4 protein chains.
Amino acid sequence: MALSTRLASPLRPVLCRGLSTPPGPRPALDLAGIFPPLATPFSPAGEVDYARLEGNLRRYASLPFRGFVVQGSSGEYPYLAPRERLEVVSRVRRALPGDRLLLAGSGCESTRATIEMTVSMAQAGADAALVVTPCYYRGAMSGTALERHYAEVAEASPIPVVLYSVPANTGLELPLEAVLALAQHPNVAGIKDSGGDITRLGLIVHKTRREGFQVLAGSAGFLLASYAVGAVGGVCALANVLGAPLCQLERLCREGRWQEARDLQLRLLEPNAAVTRRFGIPGLKKAMEWFGYYGGPCRAPLAPLSPAQEEELRETFSANGWL
Amino acid sequence: MALSTRLASPLRPVLCRGLSTPPGPRPALDLAGIFPPLATPFSPAGEVDYARLEGNLRRYASLPFRGFVVQGSSGEYPYLAPRERLEVVSRVRRALPGDRLLLAGSGCESTRATIEMTVSMAQAGADAALVVTPCYYRGAMSGTALERHYAEVAEASPIPVVLYSVPANTGLELPLEAVLALAQHPNVAGIKDSGGDITRLGLIVHKTRREGFQVLAGSAGFLLASYAVGAVGGVCALANVLGAPLCQLERLCREGRWQEARDLQLRLLEPNAAVTRRFGIPGLKKAMEWFGYYGGPCRAPLAPLSPAQEEELRETFSANGWL
Amino acid sequence: MALSTRLASPLRPVLCRGLSTPPGPRPALDLAGIFPPLATPFSPAGEVDYARLEGNLRRYASLPFRGFVVQGSSGEYPYLAPRERLEVVSRVRRALPGDRLLLAGSGCESTRATIEMTVSMAQAGADAALVVTPCYYRGAMSGTALERHYAEVAEASPIPVVLYSVPANTGLELPLEAVLALAQHPNVAGIKDSGGDITRLGLIVHKTRREGFQVLAGSAGFLLASYAVGAVGGVCALANVLGAPLCQLERLCREGRWQEARDLQLRLLEPNAAVTRRFGIPGLKKAMEWFGYYGGPCRAPLAPLSPAQEEELRETFSANGWL
Amino acid sequence: MALSTRLASPLRPVLCRGLSTPPGPRPALDLAGIFPPLATPFSPAGEVDYARLEGNLRRYASLPFRGFVVQGSSGEYPYLAPRERLEVVSRVRRALPGDRLLLAGSGCESTRATIEMTVSMAQAGADAALVVTPCYYRGAMSGTALERHYAEVAEASPIPVVLYSVPANTGLELPLEAVLALAQHPNVAGIKDSGGDITRLGLIVHKTRREGFQVLAGSAGFLLASYAVGAVGGVCALANVLGAPLCQLERLCREGRWQEARDLQLRLLEPNAAVTRRFGIPGLKKAMEWFGYYGGPCRAPLAPLSPAQEEELRETFSANGWL
């Protein structure tokens with residue numbers, strides 16, 4: 001595992017300890033690029049199918065992804081037991097070339113469980129921890145409470161922390177003020193923002209320029225727009241299906257070829273909506289199968305698509321020239 | 001443990017198996033009455049303090065509660081490890097007299113984990129399982145998906161299931177149609193509804209009369225109103241603090257003494273709001289201490305009250321004549 | 001017009017002037033009872049059909065309503081021109097016996113327009129003004145802004161003001177604190193609350209007891225529950241259709257016959273939902289026709305029911321024994 | 001008034017009649033560029049101050065705006081009487097050079113009133129009508145109902161119609177399907193979308209390419225992002241204050257100078273948020289004064305800024321280098 005290619009600075013081991021007195025500049029964990037939030041393959045009996053997972057990774061190996069997110073929302077992480085969560089991370093770590101980052105979702109509802117999971121994820125080989133906002137007691141999850149939660153996790157984490165705000169699932173948005181405060185923490189590397197409020201993304205970029213805080217778009221639906229306002233990459237469920245076009249879109253954005261980028265972005269909008277909002281993970285997994293990956297079933301209560309839904313999903317891809 | 005006093009019918013063991021062909025009338029698990037959803041005591045170091053829990057139960061023993069809910073929302077169940085959840089149930093079971101029901105919150109995000117937890121809760125001594133709606137993928141949690149989830153859990157559960165809808169925490173409400181369909185399942189005993197939509201509660205009562213489905217108000221804020229439209233009881237966080245007045249309110253409602261009931265209900269509104277919406281579980285635990293119970297800290301990210309908040313909380317109780 | 005029967009106190013003419021120095025107790029405008037918020041009949045060409053309106057009023061005359069609301073939400077008031085609004089009030093005033101109250105909806109978006117409309121409504125014969133919360137700039141409609149708005153209207157109004165909170169239409173709720181502050185104004189008589197949050201209604205009753213502030217339930221769906229917590233009456237769209245049963249429900253509540261009241265309330269829930277949330281004013285008008293009233297078309301963009309919707313509406317009434 | 005410069009095609013007079021059989025291609029009303037939605041100046045007594053309005057227009061004359069919106073949300077149109085609305089349009093028309101478009105907000109709650117107002121606006125000199133979604137009966141405002149509403153207005157309107165979706169004020173969003181259907185109507189020229197959902201904007205662009213439907217960003221907060229996905233311009237409240245930078249941003253976007261565009265966009269985010277979401281129209285008018293325009297008071301219930309709010313507003317402009 002070539003650590004030095006994943007971290008631009010050799011300072012990480014030092015930085016990971018004694019964070020209460022940060023010894024200097026932020027560790028240069030470079031998040032720029034596209035990350036698929038990996039779907040978790042299940043066997044027909046509902047067990048995690050690690051062989052299928054590794055098969056998918058082999059197929060993804062040829063694509064210029066920056067890395068992979070394990071146990072983002074698309075990974076059905078709330079449906080995995082803690083030991084499954086860790087085993088998936090270990091397997092992916094072993095299967096990945098050393099120059100690809102592994103971001104592992106380690107968020108839990110309590111601060112203590114989140115810290116424990118984050119440390120375990122680091123031990124299992126994660127390069128960074130993606131920490132979703134706790135949300136069950138959302139009425140009590142003030143900016144102050146969330147800020148304290150993340151600060152404690154960042155203090156205790158041996159790997160950089162990436163904030164994760166996904167209001168469609170959690171019903172709350174990490175408040176802008178909390179993001180800006182946390183951006184100053186040396187062990188907080190950036191944010192995956194799935195809310196799609198492009199004004200907010202621009203504000204985060206604008207207000208954290210000095211900190212080198214990195215913004216990742218949480219969906220392919222607003223990837224171009226996010227680049228336009230200064231994001232460095234994206235964690236996009238659609239990358240499980242259409243990884244090559246998303247990497248191409250990233251390249252066009254980086255090279256300033258906006259007209260071509262727009263044409264590509266627009267063709268991706270409907271497929272992206274179909275595998276996220278419209279048909280969710282069951283739709284994502286179905287579409288993966290059309291492109292040579294293993295999709296398979298979801299765990300209940302996520303329900304498989306009906307034949308009519310499957311037809312509509314397919315039409316969405318073909319109408320935009322992808323099938 | 002006097003099983004026969006908790007279940008009016010000796011049919012339970014039969015009913016618990018082979019539910020696909022229900023042998024006759026619903027098992028008569030009588031839920032009528034008041035249930036405190038027990039707060040979970042933690043030591044200053046954040047460990048579950050079982051001795052304090054048992055101490056609180058001893059103090060509650062003199063009150064005419066119908067039973068206790070373990071690991072409802074007030075129990076910080078999302079902050080407990082699975083083994084802690086089970087241990088709490090076991091301890092409460094041992095501490096309870098046999099004529100008190102024990103309802104255990106066993107909801108998880110996946111159907112399989114919920115079933116597993118429900119079975120374990122039954123083995124640990126629960127009389128019924130309180131199953132919260134899964135909610136992380138709320139966009140996919142259609143009425144159909146939720147209905148299937150609950151039906152599978154009810155099929156597999158050795159103890160009756162009580163539905164639990166708490167939109168303030170989950171961001172979704174179990175749809176009325178799903179409730180009505182599930183009310184026909186012989187192993188679904190009722191619903192704890194914390195949404196507070198009194199029209200909906202009335203509709204549930206109205207449309208499930210033939211099934212003997214039992215409605216429990218999920219908060220003391222609308223307890224009288226719920227009785228007025230046909231609820232049989234309540235699971236009220238405030239009962240951790242003001243158990244006697246809530247049992248008195250229940251008695252007044254049952255006896256049709258509505259004017260007295262109203263006077264009492266109105267005096268409970270502000271304290272109830274203070275220990276739920278306004279100050280949450282930290283407020284609930286603080287107030288418990290004023291009435292002789294152990295409250296103690298919450299697990300993070302729930303934050304303790306500030307002195308000003310504590311003052312406001314106290315004022316709420318004293319202004320209504322409780323302190 | 002027998003003024004003295006509508007106002008229990010002869011003080012009104014005095015009170016209506018010089019409100020900045022209220023001369024004593026609140027004018028005893030007694031709102032206790034049931035008020036239909038009258039639907040506005042339109043001809044097939046979309047003109048207000050005053051003859052049909054008067055015909056409906058003749059049919060309502062035999063029912064023991066406390067009075068009538070003109071231009072509540074059920075009256076399609078946002079679709080009426082100012083002169084139509086006033087003409088409807090005049091016609092209803094002339095058609096009503098003197099012992100029935102006329103509450104006229106006079107809310108507009110700006111404070112100045114609301115005052116102007118309120119004064120005109122008073123001149124047209126209204127006994128009280130029902131003033132909906134302005135809502136277009138809802139982000140700016142803080143409790144303070146709304147409190148000031150209502151206070152200015154109440155100061156300027158020659159007739160008592162009834163607050164009107166209807167979040168399903170306005171997207172905002174008049175904050176509790178604003179209600180409590182306004183309850184102390186001598187020319188604010190009460191509130192019509194259509195939000196259906198029974199805990200809130202109880203709180204308003206509880207915190208305004210000294211002021212003699214009167215709470216009206218804004219829907220038949222929670223009429224019994226509202227009486228249970230201390231409301232004095234209801235403004236119920238369903239009263240356009242099922243006026244007699246609603247008046248009977250009111251009587252049962254007043255006489256403390258809660259069991260009978262519950263049975264009646266439950267049978268009204270589905271018809272009520274059908275003529276409000278489910279099918280809106282087009283459903284209300286269609287149902288009116290089955291009970292001998294003129295319903296007729298709505299103004300666009302409110303659309304007529306499809307035959308399937310009409311069938312469903314009818315089934316709702318017949319399944320509950322009303323047709 | 002040089003009509004031909006405002007419309008690229010002389011076909012408009014023909015198209016305006018007999019729309020049920022559209023005679024050919026859409027009238028080429030070119031909306032590309034920046035439009036300030038003019039604030040309406042009031043005297044200290046609350047009367048429309050037409051002289052101040054004309055003064056502001058004289059100051060705006062040197063800026064390369066595409067045109068002006070009269071009675072968008074920033075114009076406090078819900079607080080204007082119908083005659084005031086028309087008089088403002090007339091005055092602006094007379095004050096404008098012929099090469100500037102005048103878009104007039106003509107939306108009312110009922111279809112009939114909207115048609116009447118639209119026709120009057122056209123007679124008063126508007127080039128296009130900006131028609132906000134009716135919203136009071138939002139539960140009944142289905143996509144179908146809204147589609148029919150707009151189609152009837154577009155049929156009857158002598159000038160092109162621009163759809164206007166502003167969920168922050170109306171509490172509803174014009175559904176995508178309705179937008180796409182209406183885009184095919186020859187008298188519907190485009191949409192002003194203030195919701196800020198950049199994925200949706202991209203979808204609208206993508207699905208209406210053949211129709212030549214024009215998308216205008218409804219806020220400066222997402223102007224660059226909107227251009228990036230294919231919008232042609234913006235209606236931005238902030239243009240009342242910082243018109244020159246917004247026109248510069250537009251030019252940078254058109255010329256593909258994205259890096260410069262981003263730098264400028266980011267500096268505009270906070271001032272924009274301050275004069276919209278944060279402090280609303282009172283903030284907008286206050287900021288106008290600092291830049292040489294007349295701002296003045298709002299009509300109640302919009303409240304003036306407190307000194308502390310004014311300070312915060314000013315700081316927002318100065319911290320970003322505008323003051």
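Predicted, not measured: the structure shown is a model, and the values here were computed from it. (Residues numbered from 1 in each chain as written. Chains lettered and ligands numbered in written order. Predicted model: local features only at pLDDT ≥ 70, side-chain atom pairs only at ≥ 80, totals over all residues. Heavy atoms only, no water.)

Novice: Give me the lowdown on the overall build of chain A, citing residues and values where you can.
Specialist: The secondary structure content of chain A amounts to 14 helices and 8 strands. Counting over 323 residues, chain A shows a buried share of 64%. In chain A, once contacts between residues fewer than 6 apart in sequence are set aside, the share between residues at least 24 apart is 72%. Positive and negative side-chain charges of chain A, numbering 33 and 29 respectively, have mean locations separated by a distance of 4 Å. (Helix = DSSP H or I, 4+ residues; strand = E, 2+ residues; numbered from the N terminus. Buried < 20%, exposed > 50% of the residue type's maximum accessible area, 1.4 Å probe, protein only. Contact = heavy atoms within 4.5 Å. Lys, Arg positive; Asp, Glu negative; His and termini not counted. Charge placed at Lys NZ, Arg CZ, Asp CG, Glu CD.)

Novice: Outline the nonpolar core, supporting the account with residue identities and numerical values.
Specialist: B:L163, B:L246, B:F317, C:L163, C:L246 and C:F317 are the most contacted members of the largest nonpolar core, which has 232 residues in total. In contact with C:F317, other than residues within four places in its own chain, are C:L238, C:V241, C:L242, C:P271, C:V275, C:A287, C:W290, C:F291, C:W322 and C:L323. Grouped together as the second largest cluster of nonpolar side chains are 230 residues, C:L216, D:M121, D:A228 and D:F317 included. (Core = buried A, V, L, I, M, F, W, Y, C linked by side-chain atoms within 4.5 Å.)

Novice: Provide a residue-level description of the packing of helix α5 (residues 111–123) of chain C against helix α6 (residues 143–156) of chain C, including the pertinent values.
Specialist: All names here are of chain C. For the pair α5 and α6, interaxial distance at closest approach is 9 Å and the crossing angle is 30°. Regarding the angle of α5 to α6, the classification is roughly parallel. Classified by chirality, the crossing of α6 by α5 is right-handed. Here α5 contributes T111, T114, I115, T118 and V119 to the contact with α6, which in turn contributes H149, E152, V153 and A156. Along the lines of polarity and charge, the residues of the contact of α5 with α6 split into 4 nonpolar, 4 polar and 1 charged. (Axes fitted to C-alpha atoms, helices over the stretch in contact; angles between N-to-C directions. Parallel < 35°, antiparallel > 145°, perpendicular 65-115°, else oblique. Left-handed = near helix turned anticlockwise from the far one by under 90°. Nonpolar A, V, L, I, M, F, W, Y, C, P; charged D, E, K, R; others polar.)

Novice: So, the arrangement of the chains: which residues are in play, and what are the values?
Specialist: Note that chain A does not reach chain C: the shortest distance linking a C-alpha of one to a C-alpha of the other is 18 Å. At no point do chain B and chain D touch; the closest pair of C-alpha atoms across them sits 18 Å apart.

Novice: Quick rundown of the interface of chain D and chain A? Include the residues and the values.
Specialist: Contacts between chain D and chain A engage 27 residues on the former and 27 residues on the latter. Summed over both sides, the interface between chain D and chain A buries roughly 2,300 Å², with carbon and sulfur atoms accounting for 61% of that surface. Summed over the shared surface of chain D and chain A, the number is 4 salt bridges. As a salt-bridge pair, A:K207 and D:E270 come within 3.0 Å of each other at their nearest N and O atoms. (Buried area = accessible area lost by both parts, 1.4 Å probe. Salt bridge = Lys/Arg side-chain N within 4 Å of Asp/Glu carboxyl O.)

Novice: Could you give an account of the UniProt feature "binding site: pyruvate" (unreviewed entry) in chain A, with specific residues and numbers?
Specialist: Residues and elements named next belong to chain A. The positions UniProt marks with the feature "binding site: pyruvate" (unreviewed entry) are V235. Secondary-structure assignment places V235 in strand β8 (residues 233–235). In this structure V235 comes out as buried when scored by relative accessible area, which is 1%. The contacts of V235, once residues within four sequence positions are left out, are F35, P37, V69, K192, L216, A217, G218 and S219. (UniProt positions renumbered as here; feature names shortened; annotations may be inferred.)

Novice: Now, about the packing of aromatic side chains: what can you tell me, with residues and values included?
Specialist: Scanning the model with the defined rule gives 38 aromatic pairs over all chains in all. Ring geometry for B:W258 against C:W258: centres 5.1 Å apart, planes inclined by 50°, an arrangement best described as tilted. Taken together, the positions of B:W258 in helix α12 (residues 258–278) and C:W258 in helix α12 (residues 258–278) put the pair across two chains. Given a relative accessible area of 8%, C:W258 falls into the buried group. Through a chain of ring-to-ring contacts, three or more aromatic side chains come together here, namely A:Y60, A:F65, A:F68 and A:Y293. The ring of A:W290 is capped by A:R314, whose NZ or CZ atom sits 4.4 Å from the centre of that ring. Positioned above the aromatic ring of D:W322, the side-chain terminus of D:R267 is 3.9 Å from the ring centre. (Phe/Tyr/Trp six-rings, centres within 6.5 Å; stacked < 30°, edge-to-face > 60°. Lys NZ or Arg CZ within 6 Å of the ring centre and 35° of its normal.)

Novice: Describe the UniProt feature "active site" (unreviewed entry) in chain A, with residues and values.
Specialist: Mapped onto the present numbering, the UniProt feature "active site" (unreviewed entry) falls at A:Y164 and A:K192. These residues run over 29 residues, yet every pair of their C-alpha atoms falls within 4.8 Å of each other. Assessed through its relative accessible area of 2%, A:Y164 is described here as buried. Contact partners of A:Y164, with chain neighbours within four places excluded, come to A:S73, A:L130, A:V131, A:V132, A:T133, A:Y150, A:K192, A:S194 and B:Y136. By the element assignment, A:K192 lies in strand β6 (residues 188–193).

Novice: Tell me about the relation of the copies chain D and chain A, residues and numbers included.
Specialist: By a simple turn and slide, chain D fits onto chain A: the slide is 0.0 Å along the axis, the RMSD is 0.0 Å, and the turn is 180°. Taken together, the rotation and translation relating the two chain copies correspond to the operation of a two-fold axis. Judged by C-alpha distance, D:A225 is the residue of chain D that lies nearest the rotation axis, at 2.4 Å. Both copies contact each other with a shared surface, as 100% of the interface residues of chain D are interface residues in chain A too. (Least-squares fit on C-alpha atoms with pLDDT ≥ 70 in both.)

Novice: Can you explain unusual backbone geometry? Please cite residues and give values.
Specialist: Geometrically, the link from A:A300 to A:P301 is a cis peptide bond, its omega value of 15° lying close to zero. Relative to the helices and strands, A:P301 is located in the loop between α13 (280–290) and α14 (307–319). At D:E76, a position not held by glycine, the phi torsion is positive, near 55°. Its place among the elements puts D:E76 in the loop between β3 (67–70) and α4 (82–95). Look at D:E76 and you get buried, because its relative accessible area is 0%.

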